[in-house]
Structures are given as C-alpha cells and as structure tokens.
Amino acid sequence: MIDIFTKFSGQLFVGLGWTILSSVIALFFSLIIGTVFAIMEVVPSKIARFIGRAYVEILRNIPLLVITMFFYLVIPKYVMKINGFTAGTIGLTLYTSAFIAETIRSGIQSVSGGQMEGARSTGMTYWQAMRYIILPQAFKIVIPPLGNQFVNLVKNSSVLAFVAGFDLMYQANSIASTTFDQINSYLVVGVLYLIITLPLSYYMQYLEKKLA
Amino acid sequence: MQNWISAFSWLNVHFLLMGLWVTIYISVISVILSFIIGSILGIIRYSKIKFVSKIVGFIIDIIRNVPLLLIIFFTYFGLPNFGLRPETIPAAVIAMTVFESSMIAEIVRSGIQSVSTGQMEGARSTGMSFVQALWHVVLPQAYKNMIPTIISQFVSLIKDTSLATIIVVPEMMQHAQVIYGQNSNYILPMFAALAVLYFIVCFTLSVIGNVIGKHLT
C-alpha cells in the first residue's frame with residue numbers, strides 16, 4: 001500500500017485535486033439551485049410549488065449515473081462538445097441540488113409559521129420576511145444535514161470515473177490496471193477518500209449533538 | 001422519429017425490461033440481506049459492549065464514508081486475490097450488501113436511540129433483562145419509526161445498482177448501453193427510457209414511504 005502511494009503519489013494527488021475541485025464546484029452551484037427550488041416549494045404560488053416539487057422528485061428518483069451519462073453522451077451529440085469533467089460536474093450539481101432543495105425546504109418549514117406571521121405583522125413584505133427572518137434561521141438548522149450532503153457529494157463524485165473525469169476513482173482504476181495490484185490500489189484510494197469524508201462526517205455528528 | 005420507433009423495437013424493450021428485472025432482483029436480495037446484517041450491527045453498536053461496539057462502529061463509519069463504486073471494484077477485482085471469484089451478479093449483491101448494511105446499521109442505531117431512554121429504563125425497572133427490554137419494548141417502537149427511512153434507503157439502493165454496470169452486471173443501465181452501443185441514434189431514446197423506468201420504480205416507492213410515514217405520525 002505504501003509502495004503504491006509513494007510510487008504514484010503525483011497521480012493520486014492530481015486525482016484528489018480533481019475530486020475536490022468537482023465536489024466544491026458542484027456544492028457551490030447546487031447550494032444556489034437548491035435554495036431557489038426550496039423557496040419555490042414553499043411560496044404561496046401553486047405553479048411555483050408544482051415546478052419546485054417536480055424538479056426535486058424527478059432528479060431525486062433517477063440514478064446519478066443516468067444523469068451524468070446523459071450529459072456525457074447526449075449533450076455533445078445534439079448541443080455542444082463538453083469534456084468528461086464538465087459533464088460529470090454538471091450531473092453531480094443537478095443531482096445534489098435536488099437533495100439540498102429537500103434539506104433546505106424542511107429547514108424552512110421547521111422554522112415555525114409564527115415567525116413568518118410575526119415578521120409580516122411588523123410590516124415586512126413576504127420576501128423581506130423570507131430573506132431576513134426565515135432563511136437565516138433555516139440555514140442554521142440545516143448546516144449538519146448540508147454537511148452530510150457534502151460528504152455524499154464527495155463520495156458520489158466517483159461517478160466521474162465513468163466519464164474520464166480524472167478524479168481519484170479514475171486514477172485508482174488506472175493504477176490498478178498498470179500495477180495489477182487491485183487490492184492495494186483501491187485501499188490507497190479508499191484511505192484518501194476517508195481523509196476527506198471521515199473528519200467531515202464526525203464533525204457533522206458533533207454539530208448535530210451540539211445543536212440538538 | 002424513425003429512430004425512436006426502431007429504438008423501441010420489441011426486442012430492445014424486452015432486453016431493457018430484463019435489465020430492470022435484474023436491477024430489482026439485485027436490489028431486493030441486497031436490501032433483505034442488509035436489513036438483517038444492518039440490524040445486528042446497529043444493535044451491537046447501540047448496546048455498548050466493551051471494544052466490540054467501538055470496533056463495529058468504526059468499521060461502519062469507514063464503509064459509510066467511502067464511495068460505493070470503490071466497494072464494487074474492490075469486491076469484483078480485489079476478492080479474486082483472496083481466492084474468491086464471484087460472478088458479476090453475486091459480486092454486485094455482496095458490494096451492495098456491505099455498503100447498505102452499514103447504512104442500515106446507522107438507521108437502526110439512531111432509530112433505537114430516538115425511542116426515549118425512558119422506555120429502556122422503564123422496561124428494565126419492571127424486571128426485564130437488557131435483551132428482553134430491547135426485544136419486547138424498544139425495538140418494536142424503533143422499527144415502526146424507521147420504516148420510512150428504510151424505504152428511502154431502499155430507493156437509493158435501487159438507484160445505486162446502476163453503478164454495477166461498471167463490472168458488466170446485466171442490469172438495466174448495462175442493457176441500455178448495449179442497445180445504444182449498436183446505434184448512436186438510440187442514445188437519446190435509451191436515456192429517456194432509463195429515466196422514465198427508474199423514476200417510476202423509485203417514485204412509487206418514495207410515495208409509499210411517505211404515505212407510511214404520514215400514517216405513523
């Protein structure tokens with residue numbers, strides 16, 4: 001295991017870099033998209049609620065791999081050329097945004113309806129109340145589940161291996177096929193994933209306990 | 001349009017549905033196995049047995065925090081080095097079961113913990129042993145609350161079986177790839193079919209889970 005790590009450390013760190021880059025980009029955009037759809041799910045407009053709900057349910061109930069491969073194969077064929085990393089990151093973003101929307105929606109709904117009424121009765125508009133009263137409280141509640149979504153995101157970024165996204169998983173396969181030492185190649189990569197995900201998920205467990 | 005008609009020839013549709021059958025078959029076997037194994041591991045982790053619970057907990061945390069894809073690769077390409085050479089479907093079932101057991105173990109443990117500790121103390125104070133209290137008082141309540149979470153875990157298991165296409169398990173995703181591999185005009189129809197079929201299966205299950213969840217509260 002150590003042998004493989006020292007011999008291929010360059011390649012492994014490149015993979016780690018791409019994995020982290022893809023996860024961070026996907027997290028950033030899925031937070032924005034997720035927040036938008038979460039708000040759509042709670043506004044009074046029935047049409048907006050339906051669109052929000054449909055977006056979340058459709059993306060949550062289709063495998064990430066299908067979404068990613070769609071962007072890798074269908075978009076280049078009919079729309080424009082994109083590389084594997086981009087296709088994979090777009091797929092990850094959309095898939096994760098549905099889960100984030102669901103998380104934030106439950107956060108918004110758990111901030112009691114009384115908060116909205118109280119804010120409205122002081123003369124705030126609906127959007128002011130949402131922006132200054134509801135969302136700040138909701139985000140605070142959903143930090144631990146959002147952290148868990150990020151852990152899932154890092155793990156899910158391994159689908160980039162399907163689309164030649166140069167990520168850790170892709171490097172693992174390439175190292176395994178050059179050295180024929182599958183066990184140690186996958187073990188090394190497993191440890192590298194754990195270095196990112198394990199501290200994060202322990203920290204989220206700690207936060208959950210602290211907030212509860 | 002011509003492409004769509006020929007993409008959905010009877011032969012292709014049949015082939016795709018055979019894949020769906022394998023997807024469901026792998027998912028159901030894996031979920032049953034991981035329900036049993038996960039329950040045992042979750043109870044062990046909850047019971048705070050010296051060392052054993054700590055070690056089991058650490059292994060669960062490790063498995064939960066690596067990508068499922070890595071476990072699939074490890075099972076299929078790594079196990080032969082230990083003299084085991086599973087076929088593709090058993091390999092997928094093993095990988096899914098290992099991963100899902102650890103997920104379900106966590107669900108079971110937090111489910112047990114959410115049934116208030118008062119229940120455990122009350123049962124113990126009536127003279128029940130730890131195991132009796134767990135079996136007759138705590139677990140029935142905990143499992144009742146867990147049903148929706150376990151169903152949503154089952155939905156993600158079904159979606160995750162698509163990853164097994166990488167070791168050429170003949171499931172739906174793999175069969176779709178075989179079909180569009182013959183003619184690149186079939187790519188779009190096949191992705192539409194995959195999306196619709198996965199959605200129908202997963203969404204139906206999610207709705208059932210939500211209905212049960214609402215019914216319970």
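No experiment lies behind these values; they were computed from the predicted model shown. (Residues numbered from 1 in each chain as written. Chains lettered and ligands numbered in written order. Predicted model: local features only at pLDDT ≥ 70, side-chain atom pairs only at ≥ 80, totals over all residues.)

So, about the overall build of chain A. In terms of helices and strands, chain A carries nine helices and zero strands. Listed by position from the N terminus, the elements making up chain A come as α-α-α-α-α-α-α-α-α. C-alpha atoms of chain A, sized along the principal axes, occupy 70 × 45 × 25 Å. In chain A, which comprises 212 residues, the proportion classed as buried is 46%. Partitioning the contacts of chain A with sequence separation of at least 6, the portion at a separation of at least 24 is 74%. (Helix = DSSP H or I, 4+ residues; strand = E, 2+ residues; numbered from the N terminus. Buried ≥ 20, exposed ≤ 12 C-beta atoms within 10 Å, placed from the backbone. Contact = placed C-beta atoms within 7 Å.)

Before going further, it helps to examine the overall build of chain B. Per the secondary structure count, chain B includes nine helices and zero strands. Counted from the first residue to the last, chain B has its helices and strands arranged as α-α-α-α-α-α-α-α-α. Reported as C-alpha extents along the three principal axes, the dimensions of chain B are approximately 75 × 45 × 20 Å. When each of the 217 residues of chain B is scored for burial, the buried share is 41%. Within chain B, counting contacts between residues at least 6 apart in sequence, those at least 24 apart form 76% of the total.

Attention shifts here to the nonpolar core. Formed by 116 residues in total, the largest nonpolar core has its most connected members in Leu70 and Ile72 of chain B. In terms of residues, this core owes the most to one element, helix α5 (residues 88-114) of chain B, which gives 12 residues. The contact partners of leucine 70 of chain B, leaving out residues within four places of it in the chain, are Ser158, Met169, Tyr186, Val189, Gly190 and Tyr193 of chain A. (Core = buried A, V, L, I, M, F, W, Y, C linked by C-beta atoms within 7 Å.)

When the UniProt feature table is mapped onto this chain, "transmembrane region" (unreviewed entry) is found at residues 20-43, 55-77 and 186-212 of chain B. Measuring from the first to the last C-alpha atom of residues 20-43 of chain B gives 34 Å, for a span that is 100% helix and 0% strand. (UniProt positions renumbered as here; feature names shortened; annotations may be inferred.)

Let's shift gears to the interface of chain B and chain A. On the side of chain A, 28 residues touch chain B, which itself brings 28 residues to the contact. Among the secondary structure elements, those contributing two or more residues to the side of chain B that touches chain A are α3 (52-64), α4 (68-78) and α9 (187-216) of chain B. Broken down by element, the residue count for the side of chain B that touches chain A peaks at 10 residues, all from α9 of chain B.

As a further point, take the UniProt feature "domain: ABC transmembrane type-1" (unreviewed entry) in chain B. With numbering matched to this structure, UniProt assigns "domain: ABC transmembrane type-1" (unreviewed entry) to residues 20-209 of chain B. The distance separating the terminal C-alpha atoms of residues 20-209 of chain B is 21 Å; by composition the span is 81% helix and 0% strand.

All right, on to the confidence of the model for chain B then. The predicted coordinates ought not to be read in detail in places where the model reports low pLDDT. Residues and elements named next belong to chain B. Summing up the model confidence of chain B, the mean pLDDT is 91 and the portion of residues at 70 or higher is 100%. Per-residue pLDDT, averaged within each element of chain B, yields its smallest value for helix α1 (residues 2-7) (83) and its largest for helix α2 (residues 10-47) (94). Both confidence scores are given for the complex: pTM 0.92, ipTM 0.91. (pLDDT = per-residue confidence, 0-100.)

All names here are of chain A. Here tryptophan 18 shows up in helix α2 (residues 9-42). For tryptophan 18, a count of 22 C-beta atoms within 10 Å puts it in the buried group. Sequence separation between tryptophan 18 and phenylalanine 85 is 67 residues; the distance between their C-alpha atoms is 8.5 Å. Once residues within four sequence positions are removed from consideration, tryptophan 18 is found in contact with Phe85, Gly165, Phe166 and Asp167.

Once that is clear, we can look at the packing of α2 of chain B against helix α8 (residues 172-182) of chain B. All names here are of chain B. Between α2 and α8, the least distance of the axes is 7 Å, while the angle of their chain directions is 155°. The pairing of α2 with α8 is recorded here as roughly antiparallel in orientation. The hand of the α2/α8 crossing is right-handed. Side by side, α2 and α8 meet where Asn12, Phe15, Leu16, Met18, Gly19, Leu20 and Thr23 of the first sit next to Met172, Gln174, His175, Ala176 and Ile179 of the second. Partitioned by chemical class, the residues of the contact of α2 with α8 number seven nonpolar, five polar and no charged. (Axes fitted to C-alpha atoms, helices over the stretch in contact; angles between N-to-C directions. Parallel < 35°, antiparallel > 145°, perpendicular 65-115°, else oblique. Left-handed = near helix turned anticlockwise from the far one by under 90°. Nonpolar A, V, L, I, M, F, W, Y, C, P; charged D, E, K, R; others polar.)

All names here are of chain A. Interaxial distance between helix α5 (residues 84-110) and helix α7 (residues 126-156) falls to 8 Å at its minimum, and their mutual angle equals 150°. Taken together, the axes of α5 and α7 lie roughly antiparallel to each other. Here α5 and α7 pass one another in a crossing that is right-handed. Counted together, Leu92, Thr96, Phe99, Ile100, Thr103, Ile104, Gly107, Ile108 and Ser110 of α5 and Ile134, Ala138, Phe139, Ile141, Val142, Pro145, Leu146, Gln149, Leu153 and Asn156 of α7 form the full contact between these two elements. When grouped by side-chain class, the residues that make up the contact of α5 with α7 number 13 nonpolar, six polar and no charged.

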